[in-house]
2 protein chains.
Amino acid sequence: MKAVLPDSKIPKRWYNILPDLPEPLAPPLDPETDEPMEPEKLLRIFAEELVKQEMSTERYIEIPRKVRELYAKIGRPTPLFRATNLEKALGTPARIYFKYEGATVTGSHKINTALAQAYYAKEQGIEKLITETGAGQWGTALSLAGALLGLKARVYMARASYAQKPYRKTIMRLYGAEVYPSPSERTEIGRRFLREDPNHPGGLGIAISEAIEDVLRDGNARYALGSVLNHVLMHQTVIGLEAMEQMREFEEPDVIIGCVGGGSNFAGLAYPFVKEVLEGKADYKFIAVEPRAAPTMTRGVYRYDFGDSGGYTPKMKMHTLGHTYYVPPIHAGGLRYHGLAPTLSVLINHGVVTPVAYHQNDVFRAAELFTRTEGIIPAPESAHAVKGAIGQAIRAKAEEREEVILFNLSGHGLLDLKGYEDYLDGKLEDYEPEHFPALGG
Amino acid sequence: MKAVLPDSKIPKRWYNILPDLPEPLAPPLDPETDEPMEPEKLLRIFAEELVKQEMSTERYIEIPRKVRELYAKIGRPTPLFRATNLEKALGTPARIYFKYEGATVTGSHKINTALAQAYYAKEQGIEKLITETGAGQWGTALSLAGALLGLKARVYMARASYAQKPYRKTIMRLYGAEVYPSPSERTEIGRRFLREDPNHPGGLGIAISEAIEDVLRDGNARYALGSVLNHVLMHQTVIGLEAMEQMREFEEPDVIIGCVGGGSNFAGLAYPFVKEVLEGKADYKFIAVEPRAAPTMTRGVYRYDFGDSGGYTPKMKMHTLGHTYYVPPIHAGGLRYHGLAPTLSVLINHGVVTPVAYHQNDVFRAAELFTRTEGIIPAPESAHAVKGAIGQAIRAKAEEREEVILFNLSGHGLLDLKGYEDYLDGKLEDYEPEHFPALGG
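This is a predicted model, so every value here is computed, not measured.

Visitor: How would you sum up the interface of chain B and chain A? Please name residues and give values.
Guide: In this complex, chain B contributes 45 residues to the contact, which on the side of chain A involves 45 residues. Surface buried jointly by chain B and chain A totals about 3,900 Å² across both partners, of which 58% is contributed by carbon and sulfur atoms. Taken together, chain B and chain A are joined by eight salt bridges. A salt bridge links K2(A) to D7(B); its shortest N-O distance comes to 2.8 Å. On inspection of chain B and its partner chain A, the count reaches 20 residue pairs in polar contact (both at pLDDT 80 or more). Broken down by secondary-structure element, the contributors of at least two residues to the side of chain B that touches chain A are α3 (65–73), β4 (80–82), α4 (84–90), α6 (137–149), α8 (166–174), α16 (360–374) and α18 (417–424) of chain B. A per-element tally of the side of chain B that touches chain A places α8(B) first, with six residues.

Structure, rendered in structure tokens:
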């Protein structure tokens, strides 16, 4: 059972949560002066329209026609399924629905913002986009966006994922992009980490530093970020806007769930529903799921910190484990991040969103059950949302409540099968870190 | 630009081409007596309802409600896209559409018959399905069908593909199936091929022999075949029936194209359109694309031959290269087959379907262009259809004709990236076999 929509139902506007937040967002700070960041400096890093969107207080921003056409090409609107077999296997009175972003041609939600960012860069006359990628989903998406819009793409990929997922590189090459394992010899910050450890597994924070260093020495290049920032999360709201339309065919959700690395797929599904709650029109419960190896929401502190490991980015006020925190090499590479989207941090502070953290063996076990009952192999990142949904369905069973659960299956795991192989062979390690730089540990 | 359909538009009946063929199909022969096969013997191999369907002269056969529900769960109806960017890149006046079977959760059309076969086996009280797989797409599909319908699945996978695509095994394991590389030590025929060559790369024909030998010694198991047979091709006609409905949103096709190993994805898209031609109601052109390394349609002879390499199956009258033909290890593992669906053989003999053959480097080059323009990485098998469509679009350009091309993108290539890596690195070999057992070579 599922709901599909025709191309004509692709949303015409993104939803921007900034004007609706329960408190104004603290401004980003210049890493050199600790004063509020001047937009001019941001313009050297990001395409102009994206800097505008980052600060915008307009509640809705129009999606350009070309971007909507490309959304149709890459598989939007994505389907929304009911997981009837999973419900039966759990014996729960809950009804479980999921929005399936793995149905896009790059296999995850990341293409939603990649196309928008590449579009605005192209409009501005930029020739090259440089970025980082953790598990490879963002790099894949940006590579395709580059191919579809006629821009060069260069990707720094966290070395642990580069090794675990070699074919991600093949895909990016097929789309015409350059891909380098990070830390690399190409940047100062990369060389610094390699001196520390020639086999450094890397991480999102380091790869971001390398990408920004590379952008700053290349006049006609701009940086593209796959999560965290306001404009990125806003581009993802097509997910939730479509899901709202699709859930009308079924019923009103009670609980809305997503996994969180930087926060973009969670925000994409949740924020249009959060709006209803902030306006007092609805009473949804929001659950954000993270790995215990990178427990930013459940154990991080709320304060100003860098977005990258090297200290190049503006400082943002957010939940953080400390930008020098080394995230253990869990298979959910896209969740190996020390920080969090500032808007999501505010919503957690205000009790609108409830975070929860799981170990990866529990997460893969949930994904295995989902695979056998619903047929789709979740990305290890998205599997955290599956685990969250199963947790809620089991709670609903204990409470004998007919709850309606909606979660975001943000990507498929067909390029992440090494993790599943390790899980099936009993080789997965659960990491329980105790010391975090941001906590003075 | 694409057409999607709601669950309610999943076809209610499969189309059976048998009563409409331009000549009656020659009966399958008993491999031991060379007399027409007695149904009793087939019942030991196949589920009863499938044997009935194999012989049926009913033009339409109802799809059971449970199978239609599962079709919805695995992603049917699949979308039909227009490849506008590919058209532009080719500068062709042709308009190119493709039905995208890679959108199913197992990533290819194979699930369409896997669910049907598992359903009828389950209804009959069968406990286990045993099968072969080439590239792994059929094995994956049957494994999921087993999981969804509560049957055990055992898969013999051609050793060359088992090595090239190790994660196919992971997927089948996740779905709960047993997987063995073929030739294996588990069967007499497997051991015979291993004695000849301990590193034998295997092939569909050998894997079929092993599966059937295994079925014949296990009372409550049945065999499931992924192509060639009438009932298998018939289950695939949901593809073409949906595509007909979807093309109504756009325009009437002129040329219909598919790749051919045994013939099932080609038939799935084409046969509902072939019906119109056989009835004189339309004038579509049909192009069937095969690899030059396994040129069954373009160089094979039409005669009785075994479906497998070991000589266990009934003999079928079909185009064949000889059942002992060793197909070179091209990356399109699903097209590494010596024979052809008997119904498709008849249509080729009568000039209804035109075959064409390409080398794998040409095929991968076409797939690369398709990937960069349309974003989807085709399975190496399906890439043959892409190459066929591009060939037609280029011809249309030369002839300055606004033709409408429809092809079947039968699966995605996310589990076949080794082939793309080899292609990008210039390591792909083109095989030009000259000697075929069926031609006395």
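Once the structure has been displayed, the description carries forward.
Visitor: Mind laying out the packing of α3(B) against helix α5 (residues 111–123) of chain B, listing which residues take part and the relevant values?
Guide: Residue and element names in this part refer to chain B. Contact pair α3 / α5: the axes reach a minimum separation of 10 Å and the direction vectors enclose 145 degrees. Along this stretch, α3 crosses α5, giving a crossing that reads as right-handed. Side by side, α3 and α5 meet where K66, V67, L70 and Y71 of the first sit next to I111, N112, L115, A116 and Y119 of the second. Grouping the constituent residues of the contact of α3 with α5 by class yields seven nonpolar, one polar and one charged.

Visitor: Mind laying out the domain arrangement of chain A, listing which residues take part and the relevant values?
Guide: All names here are of chain A. Along its sequence, chain A is carved into domain 1 (17–24 + 43–48 + 56–63 + 110–228) and domain 2 (75–107 + 231–435). On a C-alpha basis, the centroid separation for the pair domain 1 and domain 2 is 21 Å. Buried area between domain 1 and domain 2, summed over both chains or domains, comes out near 3,800 Å², and the portion from carbon and sulfur atoms is 64%. The tally of links between domain 1 and domain 2 comes to 13 residue pairs in polar contact (both at pLDDT 80 or more).

Visitor: Give me the lowdown on the UniProt feature "domain: Tryptophan synthase beta chain-like PALP" (unreviewed entry) in chain A, citing residues and values where you can.
Guide: Within the UniProt annotation, "domain: Tryptophan synthase beta chain-like PALP" (unreviewed entry) is assigned to residues 75–411 of chain A. Helix and strand shares over residues 75–411 of chain A are 44% and 20% respectively, and the end C-alpha atoms of the span are 13 Å apart.

Visitor: Got a sec to walk through the packing of aromatic side chains? Specific residues and values, please.
Guide: Think of a pair of aromatic rings as described by two things: how far the centres are apart, and how the planes are tilted against each other in angle. This structure, assessed with the given rule, holds 32 aromatic pairs over all chains. A ring pair is formed by F98(B) and Y100(B), whose centres lie 6.4 Å apart and whose planes are at 75 degrees; its orientation type is edge-to-face. When sorted by exposure, F98(B) lands in the same class as Y100(B), which is buried. On the basis of an interplanar angle of 75 degrees and a centroid distance of 6.0 Å, the ring pair of F370(B) and F407(B) is categorised as edge-to-face. A residue pair is termed long-range when its members are at least 10 positions apart, and F370(B) in helix α16 and F407(B) in strand β15 (residues 404–409) qualify at 37 residues. Three or more aromatic residues joined by ring pairs make a cluster, and in this case those are F81(A), F98(A), Y100(A), F370(A) and F407(A). Across the ring face of Y60(A), the terminal group of R13(A) is positioned such that the distance to the ring centre comes to 3.8 Å. Its end group placed over the ring of Y180(B), R186(B) keeps NZ or CZ at 4.1 Å from the ring centre.

Visitor: I'd like a rundown of the environment of P28(B), residues and numbers included.
Guide: Following the sequence through the fold, P28(B) ends up in the loop between β2 (13–15) and α1 (39–45). The contacts of P28(B), once residues within four sequence positions are left out, are E35(B), P36(B), M37(B), P314(B) and K315(B).

Visitor: Before we move on, could you go through the relation of the copies chain B and chain A and cite the residues and values that matter?
Guide: For the pair chain B and chain A, the best superposition has an RMSD of 0.0 Å and corresponds to a rotation of 180 degrees with a translation of 0.0 Å parallel to the axis. Taken together, the rotation and translation describe the operation of a two-fold axis. Comparing interface residues between copies, 100% of those in chain B also sit at the interface in chain A, which points to an isologous, same-surface contact.

Visitor: Which residues make up the pattern of salt bridges, and what are the values?
Guide: Residue and element names in this part refer to chain A. As enumerated under the stated definition, the model contains 69 salt bridges over all chains in all. Between D218 and K128 there is a salt bridge whose closest N-O contact spans 3.1 Å. Taken together, the positions of D218 in the loop between α10 (204–216) and β9 (221–223) and K128 in strand β6 (residues 128–133) put the pair 90 residues apart, joining distant regions of the chain. Since its relative accessible area comes to 14%, K128 is described here as buried.

Visitor: How would you summarise the sheet that holds strand β15 (residues 404–409) of chain A if you had to cite specific residues and measurements?
Guide: All names here are of chain A. Pairing within the open sheet is mixed, and its seven strands lie in the order β1-β4-β5-β15-β10-β11-β14. Across the chains shown, the open sheet's two edge strands, defined by having one partner strand only, are β1 (2–3) and β14 (353–358). Sheet analysis places strand β10 (residues 255–259) next to β15, joined by three bridges and oriented parallel. Residue pairing for β15: I256 is matched across the bridge by L406. Together, β5 (95–100), β10, β11 (285–291), β14 and β15 form the strand contacts of helix α17 (residues 380–398), whose direction differs from that of β10 by roughly 150 degrees.

Cut-off values and rules
- Residues numbered from 1 in each chain as written.
- Chains lettered and ligands numbered in written order.
- Predicted model: local features only at pLDDT ≥ 70, side-chain atom pairs only at ≥ 80, totals over all residues.
- Heavy atoms only, no water.
- Contact = heavy atoms within 4.5 Å.
- Buried area = accessible area lost by both parts, 1.4 Å probe.
- Salt bridge = Lys/Arg side-chain N within 4 Å of Asp/Glu carboxyl O.
- Polar contact = N/O pair within 3.5 Å; in protein donor to acceptor, adjacent residues only side chain to side chain.
- Helix = DSSP H or I, 4+ residues; strand = E, 2+ residues; numbered from the N terminus.
- Axes fitted to C-alpha atoms, helices over the stretch in contact; angles between N-to-C directions.
- Left-handed = near helix turned anticlockwise from the far one by under 90°.
- Nonpolar A, V, L, I, M, F, W, Y, C, P; charged D, E, K, R; others polar.
- Domains from an automatic or database assignment.
- UniProt positions renumbered as here; feature names shortened; annotations may be inferred.
- Phe/Tyr/Trp six-rings, centres within 6.5 Å; stacked < 30°, edge-to-face > 60°.
- Buried < 20%, exposed > 50% of the residue type's maximum accessible area, 1.4 Å probe, protein only.
- Lys NZ or Arg CZ within 6 Å of the ring centre and 35° of its normal.
- Least-squares fit on C-alpha atoms with pLDDT ≥ 70 in both.
- Pairing = 2+ DSSP bridges.

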